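# Tertiary structure, described
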Amino acid sequence: MSISSVIQIGGEDVDINAPCDVVTALKKRLIAVASGSSELIIRMGGEEVTFSKANVTQLKSLIADYEGQCARANGKGRQGRSRRLRFI
């Protein structure tokens, strides 16, 4: 039995192995949720998660995670990361 990598985000089929597509779909739904015109339902296999105004913070966190994956997939590393060198 193989597990599909395609999930539904707000009625739109999205492949989770394409993080940039996931970001786009999630951002579309965030606008709808934030404007109060919709709630977001994500179905993965037999599980269902509903995002509404009550957990927009969790949705934003999910978007940030997929934005990072998208950046890495496009060859961009973490930006703004400070590094410190110490001489002994």
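Quick caveat, the model's predicted, so the values are computed rather than measured. (Residues numbered from 1 in each chain as written. Predicted model: local features only at pLDDT ≥ 70, side-chain atom pairs only at ≥ 80, totals over all residues. Heavy atoms only, no water.)

What follows covers the pattern of salt bridges. One pass over the structure, following the stated rule, counts three salt bridges. Across the salt bridge formed by Lys28 and Glu12, the nearest N and O atoms sit 3.4 Å from each other. Note that Lys28 is positioned in helix α1 (residues 19-34) and Glu12 in strand β2 (residues 12-15), a separation of 16 residues in sequence. Residue Glu12 is classed as partly exposed on the basis of its relative accessible area, which comes to 31%. Of the charged contacts in the structure, one is a salt bridge between Glu67 and Lys27, with a shortest N-O distance of 2.8 Å. (Salt bridge = Lys/Arg side-chain N within 4 Å of Asp/Glu carboxyl O. Helix = DSSP H or I, 4+ residues; strand = E, 2+ residues; numbered from the N terminus. Buried < 20%, exposed > 50% of the residue type's maximum accessible area, 1.4 Å probe, protein only.)

This brings us to the environment of Ala32. With respect to the helices and strands, Ala32 occurs in helix α1. On the basis of relative accessibility, which here comes to 12%, the residue Ala32 falls in the buried class. Counting along the chain gives 22 residues from Ala32 to Gly10, while the straight-line C-alpha distance between them is 9.8 Å.

Proteins that are soluble and globular tend to have nonpolar side chains buried together. Counting 16 residues, the largest nonpolar core has Ile9, Val22, Leu26, Leu40, Ile42 and Leu59 as its most contacted members. Of all the elements in the fold, those that place two or more residues in this core are β1 (6-9), α1, β3 (40-44) and α2 (56-73). Ranked by the residues each element gives to this core, the list is headed by α1, at six residues. (Core = buried A, V, L, I, M, F, W, Y, C linked by side-chain atoms within 4.5 Å.)

Take the sheet that holds β3 next. Strand order in the open sheet formed by four strands is β2-β1-β3-β4, with antiparallel pairing between adjacent strands. If you trace the sheet from one side to the other, it starts and ends with β2 and β4 (47-51), each paired once. Averaged over all adjacent pairs, the angle separating strand axes in this sheet is 25°, with direction ignored. Both β1 and β3 contribute to a ladder of two bridges, which runs antiparallel. Note that in β3 the partner of Gln8 across the bridge is Arg43. The strands touched by α1 are β1, β2, β3 and β4; relative to β2, the strand with the most contacts, the crossing angle is about 145°. (Pairing = 2+ DSSP bridges. Axes fitted to C-alpha atoms, helices over the stretch in contact; angles between N-to-C directions. Contact = heavy atoms within 4.5 Å.)

Turning our eyes to something else, we now look at the confidence of the model for the chain. Interpretation of this model should avoid reading the predicted coordinates in detail wherever pLDDT is low. The predicted model of the chain has a mean per-residue pLDDT of 80, with 80% of residues at 70 or higher. Highest mean pLDDT in the chain belongs to β2 (92); lowest belongs to β3 (80). (pLDDT = per-residue confidence, 0-100.)

Across five bridges, the pairing between β3 and β4 is antiparallel. Bridge assignment links Ile42 to a residue of β4, and that residue is Val49. From the end of β3 to the start of β4, which pair antiparallel, there are two residues, and Gly45 there has a positive phi angle of about 60°.

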